[in-house]
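Given next are the chains, with one letter for each unit.
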Amino acid sequence: MFGTYSTIWSPPKKSLGRLTKQHDIPQKARFITGGISPDHCRWISRFQIQRGTSDPHNYKSLADCFRTVFRNEGIYGFYKGILPPILAETPKRAVKFFTFEQYKKLLSLTGLPAGLALSVAGLGSGLTEALVVNPFEVVKVGLQANRDSFQVQPSTFSQARNIINADGFGLRGLNKGLTSTLGRHGVFNMIYFGFYFNVKDAIPASQDPTLEFLRKFAIGLASGTISSCVNIPFDVAKSRIQAPQPIPGEIKYRTCFQTMGLVYREEGYLALYKGLVPKIMRLGPGGAVMLLVYEYVSGWLNKNW
């Protein structure tokens, strides 16, 4: 059912063990892909850090969140926390795709079934990616949780400096919420890569370029959507841990699974899926575009370079 390993542009019947230099993903494709995916959707963070209807800043819907931010924080309020993901995006995507390829090659030596090894390679790439991106996430969530006007809010670098001065670089400082970030990226990439390449190899390709593009886009869209639905509890936990605590000076959300359990007990299981709609709006089509851009750019570079 799962077919065999393949690089993103090579025919499905190529095995990992027979990969040659010409099948390596060009580094340039990774950096081009890094500039494509939108990763600064503040709506997700705002929904995930609110604590039910008792929260004085509770948003009733996505539209209500949009109106409230515009009314209270102005047009620039929509761009809070935009600099950290801009700085992180290119190296983040480069790490995602580069490490996926490397883990995939290593796993070809283990004898794991092809479909399973693709998912394990995705898991490894996600865990590696999380180590790179987590400090940027801490700064971004802190900025997006700030409800002051854009003009009086600290800058990105001031926010990072304040976090370091107060709590250092460790798990209470610039790497706060690392376990949740590892879960978020690990689970997402495991499903994202595993689903896309397994299903793509299982569904026959079309000779019509338009239909082939639509086939890949549909699989990528499903991959990004399913991955977002499965990993969002880790995302909620990450946002709760990294955002300012409900009571200053008191740490309520400490660890990944403790936070998930606390949110479930206090707010119900649906609270673990807060921000799902904007997350799917971002990572459903965004995930499809990212894979397609990577695949087609890689193929072009491989042919012309």
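About the cut-offs
Along every chain, residues carry numbers that run from 1 in the direction the sequence is written. Thresholds applied to this predicted model are a pLDDT of at least 70 for local features of residues and 80 or more for the giving and counting of side-chain atom pairs; totals over whole chains, interfaces and linings are not thresholded and use all residues. By convention in this description, side-chain values take in all heavy atoms of the structure and omit both hydrogens and water. UniProt positions are given in the numbering used here, feature names are shortened, and annotations may be inferred rather than shown by experiment. Cavities and pockets were defined on a 1 Å grid built from protein atoms only: a cavity is a group of points that admits a 1.4 Å probe but offers it no way out, a pocket is an open group of points flanked by protein on both sides within 12 Å along at least five of seven lines, and a lining residue is one with an atom within 4 Å of any such point. Grid points are joined across faces, edges and corners, and a volume is the space filled by probe spheres set on the points. We count a stretch as a helix when DSSP gives it H or I for four or more residues in a row; a strand needs E for two or more, and each element gets its number in order from the N terminus. Side-chain classes are defined by residue name, with Ala, Val, Leu, Ile, Met, Phe, Trp, Tyr, Cys and Pro counting as nonpolar, Asp, Glu, Lys and Arg as charged, and the others, Gly among them, as polar. Whenever Lys or Arg places a side-chain nitrogen within 4 Å of a carboxyl oxygen from Asp or Glu, that contact is recorded as a salt bridge. Only protein chains enter the accessibility calculation, which uses a 1.4 Å probe; a residue whose area is less than 20% of its type maximum is buried, one above 50% is exposed, and one in between is partly exposed. Axis definition: a line fitted to C-alpha atoms, over the contacting stretch in the case of helices. Angles run 0 to 180 degrees between N-to-C directions. Angle categories: roughly parallel below 35 degrees, roughly antiparallel above 145, roughly perpendicular from 65 to 115, and oblique for all the rest. Should the near helix be turned anticlockwise from the far one by less than a right angle, the crossing is left-handed, and should it be turned clockwise, the crossing is right-handed. Two residues form a contact once any of their heavy atoms are found within 4.5 Å. Across the chain, bend at a residue is computed as the angle between axes fitted to the seven residues ending at that point and the seven starting from it. Throughout this description, a polar contact denotes any pair of N or O atoms lying within 3.5 Å of each other; where both atoms belong to protein, one of them has to be capable of donating a hydrogen while the other can accept it, and for residues adjacent in sequence the pair is counted only when both atoms sit in side chains. Exposure above 30% relative accessible area and no salt bridge define the residues that can form patches, which grow by joining like charges within 9 Å and nonpolar side chains of Val, Leu, Ile, Met, Phe, Trp and Tyr within 5 Å. Here the accessible surface of atoms and residues is derived via Shrake-Rupley with a 1.4 Å probe, and residues count as covered only by protein chains that are part of the display. Put simply, a nonpolar core is a bunch of buried Ala, Val, Leu, Ile, Met, Phe, Trp, Tyr and Cys residues held in one set by side-chain atoms that sit within 4.5 Å of each other.

The name an unreviewed UniProt entry gives the chain is Mitochondrial 2-oxodicarboxylate carrier, with Oncorhynchus kisutch as the organism. UniProt's Sequence similarities (unreviewed entry) comment on the chain is quoted here verbatim: "Belongs to the mitochondrial carrier (TC 2.A.29) family." The record in UniProt for the chain states the following under Subcellular location (unreviewed entry): "Mitochondrion inner membrane".

Chemist: Can you walk me through the layout of surface pockets in this structure?
Modeler: Here the idea is plain: a probe the size of a water molecule rolls over the atoms and shows the empty space left. Reported here for the largest pocket is a volume of approximately 660 Å³. Forming the boundary of the largest pocket are 26 residues, of which Arg172, Lys176, Ile241, Gln245 and Ile251 lie nearest the centre. Those elements that provide at least two residues to the lining of the largest pocket are helix H5 (114-145), helix H6 (156-167), helix H7 (178-202) and helix H8 (209-242). The residue makeup of the lining of the largest pocket, split by class, is 12 nonpolar, nine polar and five charged.

Chemist: Help me understand the pattern of salt bridges, please; the structure alone is not making it clear to me.
Modeler: In a structure, side chains of opposite charge can pair up when their charged atoms sit close to one another. Taken as a whole, this structure holds 15 salt bridges when the rule is applied. In this structure, the salt-bridge partner of Lys96 is Glu129, at a minimum N-O distance of 3.4 Å. You can see Lys96 sitting in helix H4 (residues 83-107) and its partner Glu129 sitting in helix H5, a full 33 residues away along the chain. Given the relative accessible area of 1%, Lys96 is considered buried.

Chemist: Help me understand empty space enclosed by the protein in this model?
Modeler: Within this structure, the stated rule accounts for three cavities of 30 Å³ or more. Its volume calculated, the largest cavity comes out at about 140 Å³. Lining the largest cavity are 14 residues, with Lys92, His185, Phe188, Arg282 and Leu283 sitting closest to its centre. Elements supplying a minimum of two residues to the lining of the largest cavity: H4, H7 and helix H10 (276-304). Residues belonging to the lining of the largest cavity are distributed by class as follows: three nonpolar, three polar and eight charged.

Chemist: Sorry, what's going on with the packing of H7 against H10 here?
Modeler: Across the interface, H7 lies against H10 with an axial gap of 12 Å and an inter-helix angle of 60°. On the basis of their axis angle, the class for H7 and H10 is oblique. Along this stretch, H7 crosses H10, giving a crossing that reads as right-handed. Two secondary-structure elements touch here, H7 through Phe188, Tyr192, Phe193, Tyr196 and Lys200 and H10 through Leu283, Gly287, Met290, Leu291, Leu292 and Glu295. Taken together, the residues that form the contact of H7 with H10 break down as eight nonpolar, one polar and two charged.

Chemist: Can you walk me through H8 in this structure?
Modeler: It helps to recall that an α-helix has 3.6 residues per turn; residues three or four apart then point in one direction. Approximately 50° is the largest bend angle found in H8, and it occurs at Asn231, with the proline Pro233 only one to four residues beyond. Between a side-chain oxygen at the N-terminus of H8 and the backbone nitrogen of Thr210 the separation is 2.8 Å; the capping residue is Asp208.

Chemist: Help me out: how do you make sense of a nonpolar patch on the surface in this one?
Modeler: Together, Leu211, Phe213, Leu214 and Tyr296 make up an exposed nonpolar region whose accessible area comes to about 370 Å². Sorting elements by how many residues they give to the nonpolar patch places H8 first, with three residues. As for its position among the elements, Leu214 is in helix H8.

Chemist: How do you make sense of the nonpolar core when you look at a structure like this?
Modeler: Among the nonpolar cores identified, the biggest contains 17 residues, and Phe97, Phe100, Tyr192, Phe193, Tyr196, Phe197 and Leu291 are the most heavily contacted of them. Looking at this core, the elements that each hand over two or more residues are H4, H5, H7 and H10. Once you skip the residues sitting within four places of it in the chain, Phe100 turns out to touch Val95, Leu118, Ala121, Gly122, Ser125, Phe193 and Phe197. Counting 12 residues, the second largest nonpolar core, distinct from the first, contains Val187, Ile241, Cys256 and Leu272.

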